[in-house]
Amino acid sequence: MPRRDDLHTILVIGSGPIVIGQACEFDYSGTQACRVLAEEGYRVVLANSNPATIMTDPGMADRTYVEPLDPKVLTAIIEKERPDALLPTLGGQTALNLTMELAELGVLERYGVEVIGARPEAIATAEDRDQFKAAMEGIGLEVPRSGFAHSLEEATQIAEEIGYPIMVRPSFILGGKGTGIAEDAAHFGQLAAEGLAASPVSQILVEQSIAGWKEFELEVMRDAADNCVVVCSIENFDPMGVHTGDSITVAPAQTLTDVEYQAMRDDAFACLRKVGVETGGSNVQFAVDPATGRRVIIEMNPRVSRSSALASKATGFPIAKIAARLAVGYLLNEIPNDITQATPASFEPTIDYVVTKVPRWAFEKLPGAEVRLGTRMQSVGEVMAIGRTFCESLQKALRSLEQGRAGLNADPAEGALDEVPTPDLLERLAVPTPDRVFELEAALRRGVDVDEVVARTGIDPWFVRQLVRISDERARLAAAATLDGADFRRAKRLGFSDAQLAYLRATTPADVRADRLAHGVRATFKTVDTCAAEFAAFTPYHYATYEEEDEVRPSERARVIILGSGPNRIGQGIEFDYCCVHASMTLRDAGYETVMVNCNPETVSTDYDTSDRLYFEPLTDEDLANVLDAELAAGGEVVGVIVSLGGQTPLKLAGSLPSELVLGTSPGSIDLAEDRERWNALCAELSIPQPPGGTATTTPEALAVAGRVGYPVLLRPSYVLGGRAMEIVYDDDGVRRVMQSMTTGALAREGGVTATRPVLVDRFLEDATEVDVDAVRDGDGEILIAGVMEHVEEAGVHSGDSACALPPQTLADEVVEMLERHTRSLADSLGVRGLLNVQFAVKEGQVYVLEANPRASRTVPFVAKATGVPLAMVASRVMVGQTLADLRKEGLLAADAVGRVRVLDHVSVKEAVLPFDRFPGVDTLLGPEMRSTGEVMGVDITFGLAFAKSQMAAGTRLPDAGTVFLSLADRDKPAGLEVARAFSALGFSLAATLGTAGYLRAQGLTVGTLVAKVGEEGVASDAVELIAQGRVQLVVNTPRGLGPRADGQHIRAAAVAYKVPCLTTLAAARAAAAGMADARAHPLQVRALQDLHPLAKGAPG
Amino acid sequence: MTAKPKGPERTAPEHRPAALLVTADGAVFAGEAAGAVVPVATGELVFNTAMSGYQEVITDPSYAGQVIAFTSTHIGNYGTNAADDEATAPHCRGVVVCDLTDVPSNWRATEGLEPFLRRHGVPALTGVDTRRLARHVRAAGAVPCAFGTASERELREAAAAATGTDGMDLVSGVTATEATVHPYRGDDGDNVGGGEGRRVVAYDFGVKTTMVQLLTTLGTVTVVPAGTTADEVLALEPDGVFLSNGPGDPAALPGPAAAVADLVGRVPIFGICLGHQILATALGGTTYKLPFGHHGANHPVQRLESGVVEITSQNHNYAVAAGSIPDAETTHVNLNDGVVEGFRSLKAPAFSVQYHPEAAPGPHDARYLFGAFRALMLDHPTRAAGSAGARAR
Ligand SMILES: Nc1ncnc2c1ncn2[C@@H]1O[C@H](COP(=O)(O)OP(=O)(O)O)[C@@H](O)[C@H]1O
Ligand SMILES: Nc1ncnc2c1ncn2[C@@H]1O[C@H](COP(=O)(O)OP(=O)(O)O)[C@@H](O)[C@H]1O
Ligand SMILES: [Mg+2]
Ligand SMILES: [Mg+2]
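Conventions adopted
Residues numbered from 1 in each chain as written. Chains lettered and ligands numbered in written order. Predicted model: local features only at pLDDT ≥ 70, side-chain atom pairs only at ≥ 80, totals over all residues. Heavy atoms only, no water. Pairing = 2+ DSSP bridges. Helix = DSSP H or I, 4+ residues; strand = E, 2+ residues; numbered from the N terminus. Axes fitted to C-alpha atoms, helices over the stretch in contact; angles between N-to-C directions. Phe/Tyr/Trp six-rings, centres within 6.5 Å; stacked < 30°, edge-to-face > 60°. Buried < 20%, exposed > 50% of the residue type's maximum accessible area, 1.4 Å probe, protein only. Contact = heavy atoms within 4.5 Å. Buried area = accessible area lost by both parts, 1.4 Å probe. Salt bridge = Lys/Arg side-chain N within 4 Å of Asp/Glu carboxyl O. Polar contact = N/O pair within 3.5 Å; in protein donor to acceptor, adjacent residues only side chain to side chain. Nonpolar A, V, L, I, M, F, W, Y, C, P; charged D, E, K, R; others polar. Donors = N, O, S within 2.8 Å, 3.2 Å for Na, K, Ca; no water.

## Focus on the sheet that holds strand S19 (residues 558-563) of chain A
All names here are of chain A.
Phase 1: Sheet architecture is open: 6 strands sit in the order S17-S18-S21-S20-S19-S22, paired in mixed fashion. Of all strands in the sheet, those with a lone pairing partner are strand S17 (524-527) and strand S22 (637-642), marking the two edges. If you compare each strand with its neighbour and ignore which way they point, the axes differ by 25° on average.
Phase 2: Pairing of S19 with S22 involves 5 bridges; the strand directions are parallel. Paired with Ile561 across the strands is Val641, a residue of S22.

Next comes the structure, spelled out in structure tokens:
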């Protein structure tokens, strides 16, 4: 069956903001889908609220709607674009759920939109655990004993029947949210209640726990002729009980006999057929009892998933791309395998290496969260590493995490475990945590035997014995008098880094490298080819290992190496991958051969056809040096390396590169901006005011500075991203506490406080407006101010966590001009060649500069989407020597893009998306430490409308009627009055805590409900109750006074728990009121980027 | 920085005697001797890309005369167990891997792979760049090789002297010495019935256990030596004759081909792999040697009558020349390289496939072919009414 000609317009739904459990893997799959559908000549309409994605580049689709993923909005888009079909299987759970809603609302029927890829019935069968269970038992597949409950009573009854331990799982949820394992009735009651609340259909599965069994995943594909293939088998290192998204996982499966594997394969296909996934990729999860081989099916996802992105990168088989082709009618055997070119896609990839994925968590940024892994996913990103052996790939993955580890221990950080007595260590092994794998090796090194470890962890003995090989080898390496070639080769084949060898041999990585090369032990690059070398491979997708043959092909062309941004983490996410991908796209257009280096399997940058060459490698000095050697040996000219688009990750590597190879702004200037002393000097010289401050390496020094500038002060380590460990303190004790925390723990590991990395102590500007400015400067010194963004929340809320508007809404023209002037003089004196981001705080008309980053910033994609200027592309071209004038001539920049980019006819608002719903116990209050995982964008003709859209897109639907509950800090009360007036003018009734209510009443406002704070007695009703009972539709809670800002936490916690929108700043409340007012005046309107920026040059489709 | 105190010293698998593999065309691969350690082992070097099922592969008699290099990294992880043997003992000349697991982990395991290899006297090489090796074989074709602990010079000489499989009758080395009978054990769920009393004679050119097992779901199976004549076979009054897989060059087996030529048209015939090549030869077709053969569990084969694609298990160096068989039609083709994977006679009740529908190791996609054999026997009774074959109709 060839391409379907009865379809013309296809609507693709993206996955929206990056959240835990749904990250940039869906930008990867969505981008592939859009590309394929365009190639096939369809008119593609795309809806996705996330501006920091490649898929939302204007060139990727014919019509791109950066609008909230909400049934109302989607209906408007469908009405406008009249698609023939809707492809929901590439936008994660979000797209599936949205599609189900649209089906139930009858929208699809009304407009005659056919759902392709997976029919709604199939989605229902797979996603509703009740139906799924029944379906599987219907075809004789075993599932864990369980029952469904819609109430607590029902749940308890079932639990008693099955017996503990019991696993609770809500229907229609993502990333294990609201799930957990209960050992007893008490814990069960709590989990069940949570689960019922978390499920949109308030239904939970009460299930026998099989924690400790082996967990497997099969990535499978099926076409319309019922041809089925397994793309990849994945075995979890961590057994059942730890969410696959939080497990170390390995491909291919290692511990199954062929008899067991083939039976699992048969089951997976039977499952696909029963569920009725006609075409596309699915993910089927199994658990296997290690003692008996008994196999049960856990779940199946009738769509591409995080695991299928991993499987695609692990095998070279592009699941999403092929799923898209299948959805429009092709059969697997009609689709060629890009890599071999000679063979069709109707085959099962076979691999001759081992792939290991290790998740990255952000517990350090979420004080109050219990550091324990379970059935709900908590990781914010992941790395993948390829090695010839499991040991090699595991150690490569661990050093890819960028958490100061050089591999599986054998590095300075392992010291932390040396103090732990063995009995405690054994205790810890039983609890899955981010550190468990390191504790495992430490225990084995102390001679704890394999069976003991297996008994405590449930990890398969095969894996544990591989770790034993590493610790045995480590012992040999540490003991040997000298290392010969054989020693180096053995060490390298087990994945030891030069840094680990240096640590074990008490020498330096450089010496190890020299010694090793002298013994002829050098990295060789192999190719990921889907077929274990049975056929010739045409795509240069490489990984390093230590073998006898190198497969890097020579090239005569001029090449640019682009360093990616590594694993997603809070503070450094998809925005930076977006920038790297844009660099690759535009430099390819300009005739360069591009070389990508990255280790994040979720990203577009690690798609083998994004760049001319892909090295799937850790971003460390050693691994980069290997790539550089290979590229220099390959001939042609290596023009240089781009280090300024991937966030801090590549910047940290810049130092290890020959400086003549670093493209764009010199590392010197970048350091200048980060080095407090020199930075202050520069600002003084340019007479740009800064908040008074200083640096300190010791507590006394810090206290001294604080005394000089006056409290409150802001403390933070230098050289970190995302306001890591940044704190506002109000007195000397605060200073002491923070200094203490910075010299110990995780932070110390990340570099901590040293003479070269002092703590920065600044006067904290209260109630100041924060502004971000993004600009680009070329080699001739021409500067283009691309965007000025006014933050909604006041300075003090991290730029990454606050909403912002472009163009600025309240700033006076002369202020904006001053911001631009300062930006220009900074750009000139830093000799910027490429991007510059400057952050300012404006207080009472006075402008202060907070920091300047002569590199890509988080806001680059937002600015590009808001203005139509492909900022990252422009900067990349500038870095290789073109001027802004050249680019205007070429058309990459609009002819009128001179001096500044003007946006007149619409307002864009960026809003941050926060992960609090996954971390009960963490205060939702925003502060200078960034905690958002992703962002959304709202565009409309007024600020209010755009803000309202941004809220909707972020998942906090502003109410149109009901009660607003205000609880304000004293200093906020005057301003709060105005907001309260606005709300009551909109017809809301007011509720307020005693103090606030008193003030508002005194000003003549009616406050219907009096609310007591904790501890307060009397007539007033309790805040938490009020929220729990749904008697409040919107909460406005600003922290009290100058004291520790935790006051009112119980109110905010309740709001999160019961999904009531909660605004923690007056600015946001003001914006919300404006939004509601405007929303009443204007009907909902959707706009395609192509209409906002008719002339914009996007990425080539 | 000071080095940490070293952990307890354990004997590690990394310490094996160094060894080399040298191919007849002069390529040298470094490794460590494992399994039955010998100074020199020789054979024809082939690679297998299956990611599971090493035990089935190693015990598959079709590998007689060959040294098997596994491209999958870790081999031996789940050990070995009697149930997964495809023959009473391996017939391959050696095993080459990238990383041999010393201690297995699987509830089914009864013995580790290395002890297993030692017990059966199979020499092995581990720590080898098997990807480079596969790339070499892909370019050079299946070449004779020598490996072991001997000096590079000795190995070069041994490799140069080693013979390939061309023109070699390797079947006589693996076939049964006398007939054995395997009783009907009821059909596997597809409840066609009628297996009682049905008789299948299976030629053993190196038959795999799994094939016999699947045949016993069709009827009582008599496995006969490769040298059995047509008359001897017919004397057993079979309802169908099965031609098994086996090692080496089909052109070197005139005897079996002649016997099969006699049987064609007188009894339904089903052939697999070497059996497929022998049937082709018997029907006047010709065979040829592939550059490096098909050895893996992921080959797409299209069934022409339906267009459906089967993922198949494959192990062959020779193939049937397309269109070389008079009065036969091709039923299956390999989508990777267009090689004929199956045909049926237009004149007589006989069909065969080049790949392995019995899998073991590999996907089960093509097991329906055993049902097709049953159907063929039902449609072409060889005995008068009242006998089992007819009763079954
Ligand atoms: N019956 C069970 N007992 C123990 N752990 C389980 C059970 N079912 C699932 N899990 C664990 O919970 C995780 C999440 O469950 P899953 O069904 O995959 O939900 P999700 O949709 O979040 O992926 C699984 O990866 C597995 O580790
Ligand atoms: N002196 C200050 N007064 C008020 N807020 C500040 C001050 N310095 C920094 N901030 C707040 O802290 C946030 C993070 O500081 P910043 O220097 O931008 O760190 P990062 O490098 O993580 O972006 C800023 O976005 C701003 O909201
Ligand atoms: Mg899952
Ligand atoms: Mg900042």
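## A closer look at the packing of aromatic side chains
Residue and element names in this part refer to chain A.
Phase 1: Per the counting criterion, the structure on display carries 20 aromatic pairs over all chains.
Phase 2: Ring centres of Phe317 and Phe347 lie 5.9 Å apart, and the angle between their planes is 45°; on these two criteria the pair is classed as tilted. Here the residue Phe317 occupies a position in the loop between helix H10 (306-315) and helix H11 (319-327), and Phe347 occupies one in the loop between H11 and strand S15 (354-360), the gap between them amounting to 30 residues. Assigned by exposure class, Phe317 and Phe347 land together as buried.
Phase 3: With a centroid separation of 5.3 Å and an interplanar angle of 55°, the aromatic rings of Tyr353 and Tyr543 are classed as tilted.

## A closer look at the interface of chain B and chain A
Phase 1: In this complex, chain B contributes 63 residues to the contact, which on the side of chain A involves 79 residues.
Phase 2: Between chain B and chain A lies a buried interface of about 5,800 Å² when both sides are counted; carbon and sulfur atoms form 49% of it.
Phase 3: Note that Lys526 of chain A is salt-bridged to Asp129 of chain B, the shortest N-O span being 2.8 Å.
Phase 4: Our enumeration of links across chain B and chain A arrives at 34 residue pairs in polar contact (both at pLDDT 80 or more).
Phase 5: For the side of chain B that touches chain A, the secondary structure elements donating two or more residues are strand S2 (28-35), helix H3 (130-140), strand S15 (287-303) and strand S16 (309-320) of chain B.
Phase 6: Looking at which element gives the most residues to the side of chain B that touches chain A, the answer is H3 of chain B, with 6 residues.
Phase 7: Looking at the side of chain B that touches chain A residue by residue, the classes come out as 26 nonpolar, 22 polar and 15 charged.

## A few points about the coordination of the magnesium ion (ligand 3)
Each pair of donors in an ideal octahedron of six around a metal sits at 90 or 180 degrees, and each pair in an ideal tetrahedron of four sits at 109.5 degrees.
Residue and element names in this part refer to chain A.
Phase 1: Within the protein, the magnesium ion (ligand 3) binds to Gln285 (OE1), Gln285 (NE2) and Glu299 (OE); these donor distances fall in the range 2.3 to 2.7 Å. Taken together, the residues Gln285 in strand S13 (residues 280-288) and Glu299 in strand S14 (residues 295-301) connect sequence positions 14 residues apart. Glu299 matches Gln285 in its accessibility class, with the two residues each being buried.

## Here we look at the coordination of the magnesium ion (ligand 4)
Phase 1: Taken together, the protein ligands of the magnesium ion (ligand 4) are Gln839 of chain A (OE1), Gln839 of chain A (NE2) and Glu851 of chain A (OE), with distances of 2.1 to 2.4 Å. One end of the pair, Gln839 of chain A, is in strand S30 (residues 834-843); the other, Glu851 of chain A, is in strand S31 (residues 846-853), and 12 residues separate them in sequence.

## Quick notes on the pairing of strand S28 (residues 783-794) of chain A
Residues and elements named next belong to chain A.
Phase 1: Here S28 lies mainly inside the structure; 11 of its 12 residues are buried.
Phase 2: Where strand S27 (residues 769-777) lies against S28, 8 bridges are found, and the strand directions are antiparallel. Residue pairing in the sheet places Asp772 in a bridge with Met789 of S28.
Phase 3: Pairing between S28 and strand S29 (residues 804-806): 2 bridges, direction antiparallel. Considered in S29, the bridge of Glu790 is made with Ala805.

Purely geometric stuff here, so don't read any function into it on its own.
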